[in-house]
Amino acid sequence: MDINLSYGSDYHAIPAVSLESGASHEVSSDLLCFTVQIVNVVFAGHPDRGEWVLVDAGMPDSADRIISAANNRFGANGKPKAILLTHGHFDHVGAIIELIEHWDVPVYAHELEMPYLTGKRSYPSPDPTVEGGFVAKMSPMFPVEPINLGRYANKLPSDGTVPGMPGWRWIHTPGHTPGHVSFFRDADRTLIAGDAFVTVRQDSLYKVLIQEQEISGPPRYLTPDWQAAKESVHKLTALKPSAAVTGHGLPVSGDLLAEGLRNLDRNFDRFAVPDYGKYVQ
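No experiment lies behind these values; they were computed from the predicted model shown.

(A) Quick look at the packing of aromatic side chains. Here the structure, examined in full by the defined rule, presents 10 aromatic pairs. For the ring pair Tyr7 and Tyr11, a centre distance of 4.9 Å and an interplane angle of 15° mean the geometry is stacked. You can call Tyr7 partly exposed: its relative accessible area is 22%. What makes Tyr11 buried here is its relative accessible area of 16%. The structure contains a cluster of three or more aromatic residues connected by ring pairs, namely Phe34, Phe43, Trp52, Phe74 and Trp103.

Following this line, the structure appears as structure tokens:
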């Protein structure tokens, strides 16, 4: 085990929770969305085949809940082939070191996320001045310092394949972070979108708490590049996904997904981009 694994000095538990915390939603026979407080992790793999991966790593101090959900899904003696990251924000890597220590597995992310995962660079500070609700106002308490995963941090393959997920490909969907990626399976057009778009207005505390479903842009208080975010939504809309799991909110499929994503794509500047904030050009 690499003894140099570390979180940033600003890492701490975040006292935010939704009504969906602890709930699981099976998107397909080999894809399970599990909610940890206000963020989703994804278990990808058939429960009866013994090979699976974890997509994203939840909130700080959530490792026990993720391991318990994994044991329920795959059995107590199993471990993933890898942990895949859509990006490295605190709510997507919050339990990753404890999970690495428990499972001793590699982590994969886009090469542009590597500085944030190897102790070299902090993310831009959250913007509490951005147009939005109470969550935006509390965003200065969110950790942004880099974590250090040492030798466990690996770049996703340049050919677009996804380790441990045959039939899937990764798609670069920057904007929310420089190296944000989404995962797509062409065979059934299933999408794991991370925070490229979400299904709950993440800046609204009330909507986060009750998980009111709507197709929304990436969280406003932690998205520094709105032009790239717009292009990423357009790229994902063009895939015409049949079902999607996002980083925040309930999984969505069918007409609700198709119509909501088309509407977001066509009206991104109106519905997603805030009217004001330090990252608005």
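(B) Up close: the environment of Arg270. Turning to its location among the elements, Arg270 is positioned in helix α9 (residues 268-271). Since its relative accessible area comes to 61%, Arg270 is described here as exposed. Taking the C-alpha atoms as reference points, Arg270 and Trp103, separated by 167 residues in sequence, lie 44 Å from one another.

(C) Examining the sheet that holds strand β4 (residues 53-55) more closely. Here we have 7 strands laid out as an open sheet, ordered β1-β2-β3-β4-β5-β6-β7, and mixed in their pairing. Of all the strands in the sheet, the pair left with one neighbour each is β1 (24-28) and β7 (153-155). Where strand β5 (residues 83-84) meets strand β6 (residues 107-109), 2 bridges bridge the pair, whose relative direction is parallel. Within the sheet, the bridge partner assigned to Leu84 lies in β6 and is Tyr108. Taken strand by strand, helix α1 (residues 63-74) contacts β1, β2 (31-36), β3 (39-44) and β4, and its axis lies near 155° from that of β2.

What counts, and where the lines are drawn
For every chain, the first residue of its written sequence is number 1, and the numbers climb from 1 along that sequence. Residues qualify for local features only when their pLDDT is at least 70, as the model is predicted, and side-chain atom pairs are given and counted only at 80 or more; totals for whole chains, interfaces and linings, by contrast, use all residues. Values shown for side chains rest on all heavy atoms present in the structure; no hydrogens or waters enter the calculation. Working definition: rings of Phe, Tyr and Trp (its six-membered ring) pair if their centres are within 6.5 Å, and the pair is stacked with planes under 30 degrees apart, edge-to-face with planes over 60 apart, and tilted otherwise. Only protein chains enter the calculation, and the probe is 1.4 Å; a residue is then buried if its accessible area is under 20% of its type maximum, exposed if over 50%, and partly exposed in between. Each helix is a run of DSSP H or I of at least 4 residues and each strand a run of E of at least 2, with the numbering of both proceeding from the N terminus. Paired strands, as defined in this entry, are two strands with at least two bridges between them according to DSSP. Contact definition: two residues touch when any of their heavy atoms are within 4.5 Å. All axes are obtained by fitting lines to C-alpha atoms, using only the stretch in contact for helices, and the reported angles, taken between N-to-C directions, cover 0 to 180 degrees.

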